[in-house]
Amino acid sequence: MAAGEMNADLRKEREGASFITHQLTNFIYGGEEKVRRRHYIESLAFNDPAYSHDEDPNFLSRDELYSFGLKDAVTTAQRIKELNIAEEDVDTYRIAALSWAEPGIALHWIAFTPTIFQQATDEQKEKWLKPAQELSIIGAYAQTELGHGTFVRGLETTSTYDPATQEFVINSPTLTSTKWWPGALGKTANHATVMAQLYTQGKCYGPHNFLVQLRSLEDHQPCPGVSLGDIGPTFGGNGNTNGFARFDHVRIPRENMLMKFARVEPDGSYIQPASSKLAYS
């Protein structure tokens, strides 16, 4: 089925609906003009031969899915610049362009970049957001652990503040604290927002986000103290290279804590957010 083409069974069901489908579409997306704009942006991707694939992704190997997905992701970043796609239309274009198969850096756009946008100060955005948007750095969102997934309070990875050097020490103290499953971590990401338990002045303040470099920007080898790799094939999304990571007392600057809502001062004092829920995105 070609990109943008509707499945025959889906079309039949929609035609048999008890309501007028295009009216519901207009309601969901904020009006007829916005839907028209959305269709136009999608057409820019659907009609671009660069995204045309004769291959059925269900019959491709994992390496082939990964390679095709990365190629399409790079093309998408280039097209967004060339076509001057407006910020509010970027997600619409990207979803249409990458509808053939999930690329290996999907979580870079879905979780890593939004976390910086939502949790970083203006100064931190100035440093990291533009490189992330331009794929100068590629990130993962490292929350899930071997022993803990959505139970965020139970995460075991620690980030301990050292006021003598004004650094955080990121550590995986147990086997179950191993970051496990984050997309792009297996092969692609060179940075990650790492969710870890914050310790300062002898007290734990719960999970917070820290930006950690994982791999060298020169040769893509793991940074000192970082052990990481690919967890292997999964049921679906095999171009995404889900991975694992462990940290052996990896030091990062104090400024690498995402501090829009909560922060640690140079002396180790903790400034709490208006609500503890703001520390999690």
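Here, the structure is the one placed above.
Computed from a predicted structure; not experimentally measured.

K.L.:
Before we go on, may I ask you to explain the overall build of the protein chain in this structure?
P.N.:
Counting secondary structure elements, the protein chain contains 7 helices and 11 strands. Dimensions of the protein chain, computed from the C-alpha atoms along their principal axes, are close to 65 × 40 × 35 Å. Put simply, the protein chain has 281 residues, and 45% of those count as buried. Of the contacts formed within the protein chain by residues at least 6 apart in sequence, a portion of 67% connects residues at least 24 apart.

K.L.:
What is the right way to look at a nonpolar patch on the surface in this model?
P.N.:
Side chains of Phe 19, Leu 24, Phe 27, Ile 28 and Tyr 29 sit close together on the surface and give an oily, nonpolar patch of about 550 Å² of accessible area. Looking at where Phe 27 falls in the secondary structure, it is placed in helix H2 (residues 21-29).

K.L.:
Explanation requested: the environment of Ala 274 in the structure shown.
P.N.:
Inspection of the secondary structure assignment puts Ala 274 in the segment after strand S11 (270-271). By relative accessible area, which is 84% here, Ala 274 ends up exposed. Considering only alpha carbons, one finds Ala 274 and Tyr 40, 234 residues apart in sequence, at a separation of 41 Å.

K.L.:
What is the right way to read the packing of aromatic side chains from this model?
P.N.:
One pair of aromatic rings is described through two measures. These are the centre distance and the angle between the planes. Inspection of every chain in the model, using the stated rule, returns 6 aromatic pairs. A centroid spacing of 5.5 Å and a plane angle of 75° characterise the contact between Phe 68 and Trp 100, whose relative ring orientation is edge-to-face. Separated by 32 residues along the polypeptide, Phe 68 in helix H4 (residues 62-82) and Trp 100 in the loop between helix H5 (90-97) and helix H6 (106-119) bring together distant segments of the chain. Taken together, the ring pairs in this structure connect Tyr 161, Phe 168 and Phe 210 into an aromatic cluster. The side chain of Lys 125 reaches across the aromatic face of Phe 117, ending 4.6 Å from its centre. Lying over the aromatic face of Tyr 66, Lys 187 brings its terminal NZ or CZ to 5.1 Å of the ring centre.

K.L.:
Sorry if this is basic, but what is going on with the packing of H4 against H5 here?
P.N.:
Geometry of a packed helix pair, given as the angle between the helix axes and the separation of the axes. Relative to each other, H4 and H5 sit at 140°, their axes nearing to 10 Å. The angle between the axes of H4 and H5 places the two elements in the oblique class. As for how H4 packs across H5, the hand of that crossing is right-handed. Side by side, H4 and H5 meet where Thr 76, Arg 79 and Ile 80 of the first sit next to Val 90, Tyr 93, Arg 94 and Ala 97 of the second. Split by residue class, the contact of H4 with H5 holds 4 nonpolar, 1 polar and 2 charged.

About the criteria used
Residues numbered from 1 in each chain as written. Predicted model: local features only at pLDDT ≥ 70, side-chain atom pairs only at ≥ 80, totals over all residues. Heavy atoms only, no water. Helix = DSSP H or I, 4+ residues; strand = E, 2+ residues; numbered from the N terminus. Buried < 20%, exposed > 50% of the residue type's maximum accessible area, 1.4 Å probe, protein only. Contact = heavy atoms within 4.5 Å. Patch = residues over 30% accessible without salt bridge, like charges linked within 9 Å, V, L, I, M, F, W, Y side chains within 5 Å. Areas by Shrake-Rupley, 256 points an atom, 1.4 Å probe, with all protein chains shown as cover. Salt bridge = Lys/Arg side-chain N within 4 Å of Asp/Glu carboxyl O. Phe/Tyr/Trp six-rings, centres within 6.5 Å; stacked < 30°, edge-to-face > 60°. Lys NZ or Arg CZ within 6 Å of the ring centre and 35° of its normal. Axes fitted to C-alpha atoms, helices over the stretch in contact; angles between N-to-C directions. Parallel < 35°, antiparallel > 145°, perpendicular 65-115°, else oblique. Left-handed = near helix turned anticlockwise from the far one by under 90°. Nonpolar A, V, L, I, M, F, W, Y, C, P; charged D, E, K, R; others polar.

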